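Observations on the model geometry
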Amino acid sequence: SAVISQKPSRDICQRGTSLTIQCQVDSQVTMMFWYRQQPGQSLTLIATANQGSEATYESGFVIDKFPISRPNLTFSTLTVSNMSPEDSSIYLCSGRTDQETQYFGPGTRLLVL
Amino acid sequence: AQSVTQLDSHVSVSEGTPVLLRCNYSSSYSPSLFWYVQHPNKGLQLLLKYTSAATLVKGINGFEAEFKKSETSFHLTKPSAHMSDAAEYFCVVRREDSSYKLIFGSGTRLLVRP
């Protein structure tokens, strides 16, 4: 298994600003992912964080809005850029340790005013 | 298109009574299926997974799920609900076009009455 931590746990931001969320895994994982959970909704995959290269984004998500880094096997960051109230969500990081199991962080609760 | 449908947005049970959370999937192949639980203000925790081995899968905290191909279902059950089971439950299927991407159901909120 893997234990995943995220920072910050929550934040309140002003529109037009950016927030960087950090994700740390306690063991090496083969894949890392970022998800968004809008209020009262399910999880939607934003992108796959690739070590040492550009992230792979899902349809509807772009690098300019959600730049992602993964400098090593156990750490990744997601930036939410030029925020608007529609970006208010929970952002979750996950790591895959084997072919079939993903473990999730506790999430970052973002409110944009 | 591949999908997973959770048939109930809310389920309410009394403590000590059985729990049934329903999930149907669509998939061209034998799917990999998961149930995750999300407690308030907590991250997602894996309850159990089905990966084409035994059709009855046992998970943590007394939960189990049965894969029924003929019904394309993967319902989650527990014989006796506990107050601590109150949470949001997600049925999840692994995407066929990838070995690792997941598709989440809309979620079922389980309420447990004293």
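Report on the accompanying structure. Everything numeric in this text was worked out from a predicted model, so none of it was measured.

1. Considerations on the interface of chain A and chain B
At the interface, 21 residues of chain A touch 21 residues of chain B. Summing both partners gives a buried area of about 1700 Å² for chain A against chain B, and 49% of it is carried by carbon and sulfur. Interface area lost by chain A to chain B is led by Ser42, Glu100 and Phe104 of chain A, which between them contribute 30%. At the surface where chain A touches chain B, the tally comes to 2 salt bridges. The interface formed by chain A and chain B contains 7 residue pairs in polar contact (both at pLDDT 80 or more). Those elements giving two or more residues to the side of chain A that touches chain B turn out to be strand 4 (31–37), strand 5 (43–49), strand 9 (89–96) and strand 10 (102–104) of chain A. Across the side of chain A that touches chain B, the residue classes tally to 8 nonpolar, 7 polar and 6 charged.

2. So, the pairing of strand 2 (residues 10–14) of chain B
Residues and elements named next belong to chain B. Across the two faces of strand 2 the burial differs, with Val11 and Val13 buried and His10, Ser12 and Ser14 not buried at all. Looking at chain direction, strand 2 and strand 12 (residues 108–113) are connected through 5 bridges and run parallel. Across the sheet, residue serine 14 finds its bridge partner in strand 12, namely arginine 113.

3. Remarks on the nonpolar core
Core analysis: the largest hydrophobic core is formed by 26 residues, its most contacted members being Trp35, Leu76 and Tyr89 of chain B. Here this core gets 4 residues from one element, more than from any other, and that element is strand 10 (residues 87–94) of chain B. With 25 residues, the next largest nonpolar core counts Ile46, Phe61, Leu110 and Val112 of chain A among its residues.

Definitions and limits used
- Residues numbered from 1 in each chain as written.
- Chains lettered and ligands numbered in written order.
- Predicted model: local features only at pLDDT ≥ 70, side-chain atom pairs only at ≥ 80, totals over all residues.
- Heavy atoms only, no water.
- Contact = heavy atoms within 4.5 Å.
- Buried area = accessible area lost by both parts, 1.4 Å probe.
- Salt bridge = Lys/Arg side-chain N within 4 Å of Asp/Glu carboxyl O.
- Polar contact = N/O pair within 3.5 Å; in protein donor to acceptor, adjacent residues only side chain to side chain.
- Helix = DSSP H or I, 4+ residues; strand = E, 2+ residues; numbered from the N terminus.
- Nonpolar A, V, L, I, M, F, W, Y, C, P; charged D, E, K, R; others polar.
- Buried < 20%, exposed > 50% of the residue type's maximum accessible area, 1.4 Å probe, protein only.
- Pairing = 2+ DSSP bridges.
- Core = buried A, V, L, I, M, F, W, Y, C linked by side-chain atoms within 4.5 Å.

So, to be careful, I would describe these as geometric facts and stop short of saying anything about function.
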